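Structural features, examined
What follows is each chain in one-letter form.
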Amino acid sequence: MKDLHHSVAQGRFWRQLGALRDSCATPYLVVEGRTLDAGQLSPAGVRGVCVAVMDRGVRLVRSDGTADTARWLVRIAVRNHRDRDRDRPAYGQRPPASESPAECALAAVPGISVAGARALLECFGSVARVASATSQELAAVPGIGHTKATAIRTTLNPSRASSPNTKPSAHQRSDAPSPFP
Amino acid sequence: MAVPVEVTVLADVHEQPSGVPAAVERLGVRVVELALAVGDYDYGNGVLVERKT
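Bear in mind the structure is a predicted one, so any value in this text is a computation, not a measurement. (Residues numbered from 1 in each chain as written. Chains lettered and ligands numbered in written order. Predicted model: local features only at pLDDT ≥ 70, side-chain atom pairs only at ≥ 80, totals over all residues.)

Structural notes on the overall build of chain A
Of the regular secondary structure elements, chain A holds 10 helices and two strands. Sequence-ordered secondary structure for chain A, helices as α and strands as β, is α-α-β-α-β-α-α-α-α-α-α-α. Split into buried and exposed, the 181 residues of chain A put 24% on the buried side. Sequence separation of at least 24 residues holds for 56% of the intrachain contacts in chain A that already meet a minimum separation of 6. (Helix = DSSP H or I, 4+ residues; strand = E, 2+ residues; numbered from the N terminus. Buried ≥ 20, exposed ≤ 12 C-beta atoms within 10 Å, placed from the backbone. Contact = placed C-beta atoms within 7 Å.)

Take a look at the structure:
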């Protein structure tokens, strides 16, 4: 692990990592050694480096030695070989769980299941109305809640997701019929 | 699980003394040693691996 510690201390590490990220779509960093702490960085420091590597989108693999590294490299090779002819990632290979295009569209939002998509469409009637709903309106749908409501807004309407949520809730508007049962 | 025979990985020449390229070959993946500009292992398809010890 001295190479990792030394390259961080010497300032070479982040340049190397930047070059790795800039040169490929899927960068991996294999950190090899029995312990992370064999070097000059503090235990907190070397772990902070590992977290920062992952935060930069680099896949970090911990290996306890050369034989373990070889096994990881082979698995990455086999997976990469299998993925060569795919036009979508492995998790995208599942058959759609719904025949409804609107349900499929909403179920593509991270964290939204087909059942959740169905509940949203029952409340709002269309993908367009789901996309224009406020976070409060979305969160009021059974099974959605605030986290999924944020995911829906971020995915379907990113320009509004980051702006203040000023549209009054349907619950608060006396002149608008509630979309909720 | 068997490794497909046509799987090949490019390894940087500086990795040879570590014994990792040889260990990878023993597991059934063909290794071609080259001087890589970036990374220690290049799988093609936009996959690069840097190894830190």
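Comments concerning the nonpolar core
Among the nonpolar cores identified, the biggest contains 29 residues, and Leu 73, Ile 76 and Ala 77 of chain A together with Val 9, Val 24 and Val 49 of chain B are the most heavily contacted of them. For this core, the leading source of residues is helix 4 (residues 66-83) of chain A, giving five residues. Ignoring sequence-local partners within four residues, the contact set of Leu 73 of chain A consists of Val 9, Val 24, Tyr 41 and Val 49 of chain B. (Core = buried A, V, L, I, M, F, W, Y, C linked by C-beta atoms within 7 Å.)

Quick notes on the interface of chain A and chain B
Interface size is commonly expressed as the accessible area that is lost once the parts come together. Tallying the contact residues gives 30 residues for chain A and 24 residues for chain B. Counting residues per element, the ones that place at least two in the side of chain A that touches chain B are helix 1 (2-9), helix 2 (13-23), strand 1 (26-32) and helix 4 of chain A. The leading source of residues in the side of chain A that touches chain B is helix 4 of chain A, at 12 residues. In terms of residue class, the side of chain A that touches chain B is built from 18 nonpolar, eight polar and four charged. Sheet topology places strand 1 of chain A next to strand 4 (residues 47-52) of chain B; six bridges connect them, and they run parallel. Residue pairing across strands places Tyr 28 of chain A opposite Val 49 of chain B, the latter belonging to strand 4 of chain B. (Nonpolar A, V, L, I, M, F, W, Y, C, P; charged D, E, K, R; others polar. Pairing = 2+ DSSP bridges.)

Examining the sheet that holds strand 3 (residues 41-44) of chain B
Strands sit in the order 2(A)-1(A)-4(B)-3(B)-1(B)-2(B) across an open sheet of six strands; the sheet is mixed. Edge positions in the sheet fall to strand 2 (59-63) of chain A together with strand 2 (30-34) of chain B, since each has one partner strand and no second. Across this sheet, the average inter-strand angle for adjacent strands is 25°, counted without regard to direction. (Axes fitted to C-alpha atoms, helices over the stretch in contact; angles between N-to-C directions.)

Focus: the environment of Cys 123 of chain A
Among the structural elements, Cys 123 of chain A can be located in helix 6 (residues 114-124). Put simply, Cys 123 of chain A and Pro 142 of chain A are 19 residues apart on the chain and 9.6 Å apart in space, counted from C-alpha to C-alpha.

Details of helix 6 of chain A
Residue and element names in this part refer to chain A. Of the residues making up helix 6, those classed as buried are Gly 116, Ala 117, Leu 120, Cys 123 and Phe 124. Along the axis of helix 6, the buried residues cluster in a sector spanning 125°; they form a single face. Where the residues of helix 6 are buried, they touch helix 5 (101-107), helix 7 (127-132) and helix 9 (145-156). In the segment just after helix 6, Gly 125 is the residue with positive phi, at about 90°. (Arc of directions from axis to C-beta.)

Digging into the confidence of the model for chain A
Residues and elements named next belong to chain A. In this model, chain A carries a mean pLDDT of 83, and residues with pLDDT of at least 70 account for 78%. Of all the helices and strands in chain A, helix 10 (residues 158-161) carries the lowest mean pLDDT, 62, while strand 2 carries the highest, 97. Here residues 163-174 is modelled with pLDDT under 50, and outside its nearest four sequence neighbours on either side it reaches 12 contacts, counting other chains as well. (pLDDT = per-residue confidence, 0-100.)

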